[in-house]
Structure formats: structure tokens, C-alpha cells
Amino acid sequence: MSGAAGCQGGGGGGDRGPRWRRPWKLLALGLLSASSVLAAAPGAGAMSKEEKRRLGNQVLEMFDHAYSNYMEHAYPADELMPLTCRGRVRGQEPSRGDVDDALGKFSLTLIDTLDTLVVLNKTKEFEEAVKKVIKDVNLDNDIVVSVFETNIRVLGGLLGGHSVAIMLKEKGEYMQWYNGELLHMAKELGYKLLPAFNTTSGLPYPRVNLKFGVRHPEARTGTETDTCTACAGTLILEFAALSRFTGTSIFEEYARKALDFIWEKRQRSSNLVGVTINIHTGDWVRKDSGVGAGIDSYYEYLLKAYVLLGDDSFLERFNTHYDAIMRYISQPPLLLDVHIHKPMLNARTWMDSLLAFFPGLQVLKGDIRPAIETHEMLYQVIKKHNFLPEAFTTDFRVHWAQHPLRPEFAESTYFLYKATGDPYYLEVGKTLIENLNKYARVPCGFAAMKDVRTGSHEDRMDSFFLAEMFKYLYLLFADKEDMIFDIEDYIFTTEAHLLPLWLSTTNQTISKKNTTTEYTELDDSNFDWTCPNTQILFPNDPMFAQSIREPLKNVVDKSCPRGISRAEESLGSGPKPPLRARDFMASNPEHLEILKKMGVSLIHLKDGRVQLVQHAVQAASSLDAEDGLRFMQEMIELSSQQQKEQQLPPRAVQIVSHPFFGRVVLTAGPAQFGMDLSKHKAGTRGFVATIKPYNGCSEITNPEAVKEKIALMQRGQCMFAEKARNIQKAGAIGGIVIDDNEGSSSDTAPLFQMAGDGKNTDDITIPMLFLFNKEGNIILDAIREYESVEVLLSDKAKDRATIFKGKMIPNYIIDSNLEMENTDQKLSENDSHKQNSEEAASASQDVGVVSEEPEEGESSDVTDPDSLSPAHADSDSISISNQDSYVPGTDEASAPEPACTQGDHQPQEQKTETESNSKVDWDNKVQPMESILADWNEDIEAFEMMEKDEL
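Please read these numbers as outputs of a predicted model, since none were measured by experiment.

What counts as what
Residues numbered from 1 in each chain as written. Predicted model: local features only at pLDDT ≥ 70, side-chain atom pairs only at ≥ 80, totals over all residues. Heavy atoms only, no water. Disulfide = S-S within 2.5 Å. Helix = DSSP H or I, 4+ residues; strand = E, 2+ residues; numbered from the N terminus. Buried < 20%, exposed > 50% of the residue type's maximum accessible area, 1.4 Å probe, protein only. Pairing = 2+ DSSP bridges. Axes fitted to C-alpha atoms, helices over the stretch in contact; angles between N-to-C directions. Phe/Tyr/Trp six-rings, centres within 6.5 Å; stacked < 30°, edge-to-face > 60°. Lys NZ or Arg CZ within 6 Å of the ring centre and 35° of its normal.

(A) Looking closely at the state of the cysteines. For the coordinates displayed, the defined rule picks out 3 disulfides. Bridging Cys85 to Cys444, the disulfide has an S-S length of 2.0 Å. Between Cys85 and Cys444, the S-S dihedral sits near 95°, and the bridge is therefore right-handed. You can see Cys85 sitting in the loop between strand 1 (79–81) and strand 2 (86–88) and its partner Cys444 sitting in the loop between strand 15 (441–442) and strand 16 (445–446), a full 359 residues away along the chain. The pair Cys85 / Cys444 is uniform in exposure class, with both members buried.

Okay, here's the thing in C-alpha cells:
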């Protein structure tokens, strides 16, 4: 979610001056100005005005590329599918689970983008967009939507659009016809969301039917019992603004009641809140606590509600929570989830990307040092992977590999630049722009990254990308004279929508003072300030931010630094444990004797594995029992690490022939035999050929068609290794196995590794990759259309400069730095090249291991002994049992040190839902592959003409 905001306290513009007066605490707020002491600091490597303007213009061109493609190929659908150049319509595409709850057939992207158009000085386009929204958007659809997403994106988008519309109307040039139509739509939507609050607690249901509300026989919702803390606690800004704009107090009342209930249910000893809560009983369902997904914007809205509404109780609550966050969750530069009842115990060893908003919120709080530290850590992760993975471990390995073009890091970058004036953050923004253009840009917009490791794409461009990313990037490089209004007269919502600060003194129908019970004054002078002046933060020290960043420059490196756990930290300089898990050898009699003393016994299982069980009462002493518990915890952690090490990361199949030229990247499952593509960076390149028989389970009957080519075959009827041997014997240079399970896709199924047949597979030397049915059909369709199809098998997608090195390929195909520079130069002449990026099927995050191929096409679970790779299944292994728990373990001989490997995660839960059609025709934007390729060919011809003109 979006983070901090402009929070200028006093002053105002035009005849609105009197309405801007605030309580004295708010009058003290001066937004951290980049024009203060640090902006012109000598020796700071300041970026030139020309360079800033060039980058600002590049952001405008990128926005135009995304926005125009949405309007051309997707509108009035909710979102653009940039790989297939069509709109995403709920019910017409395979369900993506909860992600689709943001879609309501209300032209989501257009509404979410309204105020961005004004921030980017596109007032004519804004006026046209508002007219389209008024004319086309229907809010009375029979469709179940997320209350949270609809509030921040649609209600917030309508209110942000209304805010800038009345501002433009007052200026006298644009929107003279406007009569509050967006506000009327916002009020209508607000009433449609109110039925969700019909609970005894005041917490809203997570979903509501726009037409039938909740619990109605036709509503198809209202049975949920849980909601996330952020879902219930991120309503106050939009609902209060709606009440202040309209004079109808009910919206603000409901939002305040929800916040009050969450505050009352906080864990009193730690002052933390959990991730999910029962909306009827108030019991915490998930008791882990952090600042990322599920909680993030709850904290954000407490502080911003104080800024916007002037209610001291919101600041008191935020400060109480913030003290707990910095006491328990903050482990600089990391922010790790903890248990609300045992806050000294980490709940997990990875972080999700949504916490990237938190440095921006800390800027608004005025706590700059930890903001700089966390931001720098995140930037180092981005420099390693090009984008911020959805989740990454404490040693900075990929945990969840997707990146849906989230804007939170760009947001924090903007606010840190505002706070410090340090040109370093302009360079960070420049890196973000370059990565988006190089890796995410496709002919029809910008595509989310399905896997940052392989560079594969996902066919999605979420509305928040237009609502937030371009807004923050443009503001980062814009000077005050570039803006048509003062951005500091507004506060940003979590979706970066603009709400005017004068709302604080408008239609105050509710008592300002909430009841904040059991608030304890905290002994922290930092709480005296919110949005402090930079002169106070940085007293004559322009190198302040750099001095904080410097120690973190190498925090993310190839050595996978291992942080000290709190359990180890608590040991201090005390006595060391008698035996560490990494040193344990089951064949060592001394080790077995130590285990016995610690109450740990070994059980030899029938399958050859060894299980460890601890009984504290059997330990020689209480201290020995503690040592035993610590040993078991270490062994569980080590076992989990080794399991991850045995999993290979996904590979890439890149179509490099005409007309794709490397823009299509398919995520493929690896094999535990044959050529290791990670050790052959060039990969294997060749034309594809379908083998006979297609299953590859007997001698190949068309070897002349397969020789020196990459063989395509179907899964089933024999082992993967047998297929590989048959095609290798026929002269193939590689193989691709296509799933025979109709409709299977890496979008919805966990990817798995192809294991051997239990025999020695050293004789297999060619690379083998696995594609699900959907991805495989993309290659088969291309063969039918173009006959000769060339692909590249590699560990990750290659840029086109590498693919076509030494070949006669048009310059526009190459995504080199030189082309980026040429593109930037042409921007100033209003003539830019379109850059192309890899189109991809998505990579799944669970990598299971399959050793044989059941004909029904079901992949085996990784914990099934029959499905393990031979290297794992044949070795003696150890299982760990502690308090009746069972965890697969390590090699009996020794436990190696963890290596730099990349983790994985569970696929999204799938669900289906039937939706009715709205008044807009949703089918007229579906575009066949032939049309898409025709568009690409037109681009190619246009680029060739441009090159001739330049020559």
C-alpha cells in the first residue's frame, strides 16, 4: 500500500485560507522540504536540472505508454492484460482467487488513475476521463468485491478525482462544467459498502455484493468470519473525507467504530495487533504481527487520520503502536514479524515487499535514521534481483519470486528525498525507471514479473501501477514550477489519492476526541514531533543520510550473510551448548551420549531414516533440557534449509524467432539430470521439433527431424529420464516435456522438478525442461503458425542484446543501455522508440519433485518418499520430532552449511465466481493472437521507417 503524504499544516491557497487553520499541533507540521539545508549541499553529487527534467519526461512517456494501451485495448474493463493486449473481465478469465476481488466491472484502472493525470499535468486527458467515468461506469453490478480494495481504489479514486476537479474548476480554465458528479458517485458507492459493517463488533465483512449487499439470498457473501487488520483499519481517510465533503456523518462514524474496536483488541502487554481478526468475536485468528501485508496501512491510517482530521487520539494510538514496532519488530535494517503474545520470538524468517512503504511512513513520523536503513537494505535487494521480490529471507534469498510492479519502494524513495534532499535518492529513482523499461515494458504496457529470477512475465498490470508508481516517480523529479498546484496542500491515501487538508475544518459533525483508553504517555522525545522541520533533523550535516547508508552497502551479497537470531543473541558470552546441530553426526558415539544427556533419543525408521525425539523429563538436568530444546530448534531450522537447497530454481524457455524476438518467456520446471543450465550461462539454443512417438517412451522414429534440434514431447507413460535418453540418442540437443493434463498452467499449479529413474543419470548430457499444458501450447501454436520456431533454454531470460549478438537484427529489438540513452534523447524531441520486453507465462513458486509420471498427470507431493529424487531417497536421513512434531531432516553423515539458494512459496488459492453482465459491452476488447502479432509487425515497420528517417 502507499505510505506517507504531504502534510503541510498551515497556510493555504486562494480564498481557501481560513479553512486551512488547524490545531496548534498541526500548525507545527512543516513538510520535510527538499529545498532546505541539504538540497544544495556541496559535494553531494547533485543531479543537474537537465537530467531531472529528462527523467521526468521519461516518466511521462512511460505513463502514456501504459495509459494509452489500457484505454485502447482494455477500457472499459477493470485492468489491462499487457501480454495478450486485452482487458481483464471478471468471470471471463480463469479465477486468480482473492486477487480478483478488486475487480467489479467499474473500469477500475481509469478511476484509480484520475488524479494521477492531474499530477502529471495532463488536464485535458483528465477532463475526458472524468466524462467517461460519469457516462460509462456502473456501480450497481451484481458482483462480490473486496471492501478494502474497493474503498482505497474506487472510493478513493472518485474522491481524489473530485478533489482535483474542484481545484481545477476554481482556477478557471478546466472543468468549468463540473458539478460534483464524481462526489455523487462516491456517495452512492459509500452507501453500497455500508451493509458490510452490519456486525456486532463494527468490523466490516471482507466482501460485499455491490447490488445485494451482505446476507441477501443472492449476495453470495456474508458467511465470512475473519478479516485482516488492514482491511478493517484502512477506511478512515476515505470515509471521513466522504462525510466531510457531503455532510453525511454516517461514513466517518462507521470507520471510527472499526478503528476503535481494533485498538481495544490490541494485545495489551505488547501493544501489537495480529494479522487477521474474527469480525464477530474480536479474537485474533493470526497472532503474528509485523508492518507488512495484512497490517501495513492500519498503522499508516492512524497517523494520517491525525494529520487530516486533527484528532489527538489517533496520534496517541499510533505512537503506542510505533513504540512497540521499534521495540520488537524493528531489527535494523530488517523488519521481522513476531508473535503478539511473545514479541521477543520471531514468527518467520522472511519479509514481504509491502513493508517497503514503512520508511515513507517513518519520514512522516520524523524518525529518519531507521527509514534510511531499511530503505537502503531494500535497495540492495532490488539491485540484486532488478525488482523487489514479493518476499525474501533474512539472508536476502528469494522467498516468493513475483513482483506485480508494486509502488511502495518508489513511494518511500520520494519521501526520503523530500526529507533529506540527498541526490542519492534521485539516482535510486533513475534505477527504478531503467529496470521498468528494460525488464517490464512490453508492446501493450508494462507486465508484472512472475519470477524475478528468470525474468518471466505475468499477464497483469494492476491499477495501482498507474495510480501510484508514476505519481511518485514524477514527483521525485519534478520541481515546484513543474506542478500546476501545490502538492503539499493534500495528503496521500494508501492508494496515493489526494485529499485536501482543508477537510479537517469542514462539516465536523463528530466529536473530535475519540476514546483512547489506557493510553500511557511514552518516554520518548521523538514522539513530540510529526513531520518535523529538516533544519532540526539535519543540523548542518549534509552527509547525514550517507553516513547511515554506508554500513549497509554490502548487506546483500553473494555470501548470504547469516543474521544472529534472538535466541543466539540471548546466549551472549555465556556457556556454549555442548553440541550444535550443524556438527552432529549420528555415527559418533560421543554425540549420541550428549543427546541422551539432553533428553534426545534416536529412533531408526523402517525406511532407513532416523527420527530425533526430545523428552525434557528424561534430560539429566533442567540446563541439559534447555540445551536439548535449543539443539532440536537448530536441527529443525537446518533441516528446513537443506530441503530448500535440494530444490532447483525454475528455468526459462525464450522464443527468439520471428516475430517474438525474445519477448515471450515461458517459465519451465528444471530436471535433476542432464545439463545444468545454471552452469552454462549461454544456454542451449535451437529450433524445436515434435518427436514421434510423441510420448518419447520408445526409440524415436523421426530422428532426421530431431537431429540438432530441441525435441518436444508429451508427459506420461514412462520416466522423464527414459524420454531424455531416447531423444539424446536421436541427436536432439535438448528436450521440452509438455504436460498432458489439459489446461494446466504455472499460473495455478506448483512447478516441480523432473527427477531421475533411480539409476545413474550421468549418461544424460542434454538439458531437459518441463512446461505445463498452457505454456507448452504457446510453442505448439507458434509452430502451427510459423513452422520454424527457435527457442533458447536457459537459467533465466536473456536480454535481446545478448540473444542477437552478432546477428543482423533491427536495432529496435535490442534493449541495450545505448538504446535507453537514445530513447531518452528523443523524448525531448517528442519522438520516442517503444521498447519491448519479454512476454511470459508465469512461474509458480512451489517446486515439488516428481520421479515418475502417472498417466493422470498429477504431480507428487515433495514429502512423499516415493517422489523424492534418488539423491535424497537413497541416503540415510534424519527426522526431527519435538513435542509430537515431525520435520524431514538432514543427511546422517553430516550437516553442511546452508548455501545461497532461492526459496519458494505456496500457490494462490483458486476460486470461481459467476458474475452478471453490466450495461457495458465487455466482449468487444478481446483480441486474438493474429491481431496482437499484427500490432507488433506494425511497430516493427514503424521503427524501421524511423531508422531510415534518422539515417
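(B) Region of the structure containing the sheet that holds strand 7 (residues 284–286). A sheet is described by the order of its strands in space; here 3 strands give the open sequence 5-6-7, paired in antiparallel fashion. This sheet does not close on itself; its edge strands, each paired only once, are strand 5 (226–228) and strand 7. On average, each strand axis in the sheet is inclined to that of its neighbour by 35°, with strand direction left out of account. As paired elements, strand 5 and strand 6 (residues 276–278) share 3 bridges and run antiparallel to each other. Among the inter-strand pairings, Asp226 is bridged to a residue of strand 6, identified as Asn278.

(C) Expanded view of the packing of aromatic side chains. Within this structure, the stated rule accounts for 30 aromatic pairs. The interplanar angle of 85° and the centroid separation of 5.4 Å between the aromatic rings of Phe770 and Phe772 together place this pair among those described as edge-to-face. Among the residues examined, Phe770 registers a relative accessible area of 0% and is labelled buried. Phe772 gets classed as buried once you look at its relative accessible area, which sits at 4%. Following the ring pairs from residue to residue traces out a cluster consisting of Phe63, Tyr67, Phe446, Phe465 and Phe470. For Arg266, the ring lying beneath its charged end belongs to Trp263, and the centroid distance is 3.8 Å.

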